[in-house]
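Spelled out from the first residue to the last, the chains are:
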Protein chains: 2
Amino acid sequence: MKISFDDPSTALISRKVRPSYQRIKVLEYLIKNQCHPTVDQIFQDLQGEIPTLSKSTIYNTLKLFAAAGLIRVITIEENETRYDILTEDHGHFKCEKCGAIYNFAVDVDALATGDLTGFKVMEKNVYFKGICPKCL
Amino acid sequence: MKISFDDPSTALISRKVRPSYQRIKVLEYLIKNQCHPTVDQIFQDLQGEIPTLSKSTIYNTLKLFAAAGLIRVITIEENETRYDILTEDHGHFKCEKCGAIYNFAVDVDALATGDLTGFKVMEKNVYFKGICPKCL
DNA sequence: ATCAATTCTTGCAATCATTATAAAATTAGA
DNA sequence: TCTAATTTTATAATGATTGCAAGAATTGAT
Ligand SMILES: [Mn+2]
Ligand SMILES: [Mn+2]
Ligand SMILES: [Zn+2]
Ligand SMILES: [Zn+2]
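Residues numbered from 1 in each chain as written. Chains lettered and ligands numbered in written order. Predicted model: local features only at pLDDT ≥ 70, side-chain atom pairs only at ≥ 80, totals over all residues. Heavy atoms only, no water.

K.L.:
Looking at this structure, how should I read the sheet that holds strand β4 (residues 101-104) of chain B?
P.N.:
Strands in a sheet are paired, the pairing made by backbone hydrogen bonds, and the direction either parallel or antiparallel. Spatial strand order, β4(A)-β3(A)-β5(A)-β5(B)-β3(B)-β4(B): six strands in an open sheet with mixed pairing. Two strands bound the open sheet, and with one partner strand each, they are β4 (101-104) of chain A together with β4 of chain B. Averaged over all adjacent pairs, the angle separating strand axes in this sheet is 25°, with direction ignored. Sheet topology note: the strand β3 (residues 91-95) of chain B/β4(B) ladder contains four bridges and is antiparallel. Note that in β4(B) the partner of B:Gly91 across the bridge is B:Phe104. (Pairing = 2+ DSSP bridges. Helix = DSSP H or I, 4+ residues; strand = E, 2+ residues; numbered from the N terminus. Axes fitted to C-alpha atoms, helices over the stretch in contact; angles between N-to-C directions.)

Below, the structure written as structure tokens:
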């Protein structure tokens, strides 16, 4: 799955988000690191580049990005929120051995039609758990 | 979706879980309340019947039940873990207005085969978000 | 029935992720 | 430049979950 992104600043502006230094860095990070990082991973890694960075900024920024539709929030395990720059529908596979989260294609539109008449569906999520090929 | 359950004590024994008073009560509660309750809801409601009940016991019991395959853990939102007595594959719809979680039938076996060759899939989850008919 | 060993429950403290808040820094516009 | 609005930062507060040790209940053997 190869997807191209606008340059971070332009992407922010087009979503009505002001392109501050920190926001651009966080967005660049998410584009480079499509491994579904946690708040902590993002914070730890960016601290090198931005010594004054605060974890609050990461939380604020991710919340803002999610509200603007720039990113997707992934909650597979309790107490382990992850963030995904890929907003298109796709499934996630989490390896219970190594913890890695893989993307996979899934035809969500082919899913569930019957039981949900009268419901307004706004977001569809699919995730599997198991063991990845590396760990098998 | 109507499903019948063994009597709680028998169900516990058949899963090698000792049927203590508290465990039976929690299991009965989950069978009666298939609304995907939180730890807090279970605790609050059972406190009436069991005045000495501790929240630790609820946590311990649910963890044990999940490990024994008696229940399923649902994490749709961060920081809001819910528990489901229905262990068969089915989808969940969460209403973002009223917070209710509905079950729906979903053919998980028809899902994703291609991308995941070489992966050992052990658990499949599908959840949607949106607005339920009552809230529309 | 008694006793010791094991298991379970309880209460409380500790931890960890997330949110709230207010001051300091930055930015935008006049 | 000056002022107002926005953003970042640091720190405190919250809330869910886990860890732990003592007490209670249960089991199995005598
Ligand atoms: Mn993804
Ligand atoms: Mn369910
Ligand atoms: Zn793995
Ligand atoms: Zn609703």
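Continuing now.
K.L.:
Help me understand the protein's contact with DNA strand D in this model?
P.N.:
As a structural note, the neighbourhood of DNA strand D is formed by 17 residues, with A:Arg18, A:Ser20, A:Thr57, B:Tyr59 and B:Lys63 the closest of them. Sugar and phosphate atoms constitute 82% of the interface atoms of DNA strand D, taking the interface as everything within 4 Å of the protein. Interatomic distance of 2.7 Å between a side-chain N/O atom of A:Thr57 and a phosphate oxygen of DNA strand D. Within the side chain of B:Thr81, an N or O atom sits 2.9 Å from a phosphate oxygen of DNA strand D. If you list the elements that add at least two residues to the surface near DNA strand D, you get α2 (21-32) and α4 (55-67) of chain A together with α4 (55-67) of chain B. Looking at side-chain class alone, the surface near DNA strand D contains two nonpolar, ten polar and five charged residues. (Near = heavy atom within 4 Å. Polar contact = N/O pair within 3.5 Å; in protein donor to acceptor, adjacent residues only side chain to side chain. Nonpolar A, V, L, I, M, F, W, Y, C, P; charged D, E, K, R; others polar.)

K.L.:
Is there a simple way to think about the environment of A:Arg23 in this case?
P.N.:
Residues and elements named next belong to chain A. Within the element layout of this structure, Arg23 appears in helix α2. You can call Arg23 partly exposed: its relative accessible area is 25%. When the C-alpha positions of Arg23 and Asp84 are compared, they lie 15 Å apart, and in sequence the two are 61 residues distant. If we skip the residues at most four places from it in the chain, Arg23 touches Leu12, Val17, Arg18, Thr61, Leu64 and Phe65. (Buried < 20%, exposed > 50% of the residue type's maximum accessible area, 1.4 Å probe, protein only. Contact = heavy atoms within 4.5 Å.)

K.L.:
Looking at this model, I keep getting lost on the coordination of the zinc ion (ligand 3). Mind explaining?
P.N.:
All names here are of chain A. Every protein donor of the zinc ion (ligand 3) is listed here as Cys95 (SG), Cys98 (SG), Cys132 (SG) and Cys135 (SG), and their distances to the metal cover 2.3 to 2.4 Å. One can describe the donor arrangement at the zinc ion (ligand 3) as tetrahedral, given that its four donor atoms subtend angles of 106 to 116° at the metal. Donor residues for the zinc ion (ligand 3), ordered by position in the chain, follow C-x2-C-x33-C-x2-C. Of this pair, Cys98 sits in the loop between β3 (91-95) and β4 while Cys132 sits in the segment after β5 (120-131), and the two are 34 residues apart along the sequence. You can call Cys98 partly exposed: its relative accessible area is 42%. Residue Cys132 is classed as buried on the basis of its relative accessible area, which comes to 0%. (Donors = N, O, S within 2.8 Å, 3.2 Å for Na, K, Ca; no water. Tetrahedral: all angles 85-135°; square planar, octahedral: opposite > 155°, others 65-115°.)

K.L.:
What's the story with the relation of the copies chain B and chain A in this structure? I'm lost.
P.N.:
A rotation about some axis, followed by a shift along it, carries one copy of the chain onto the other. Turning chain B through 180° and shifting it by 0.0 Å along the axis lays it on chain A, with an RMSD of 0.1 Å. In the structure described here, the two chain copies are related by an operation that fits a two-fold rotation axis. No C-alpha of chain B lies nearer the rotation axis than that of B:Val126, which sits 2.3 Å from it. A share of 100% of the interface residues of chain B reappears at the interface of chain A, consistent with the copies meeting face to face through the same patch. (Least-squares fit on C-alpha atoms with pLDDT ≥ 70 in both.)

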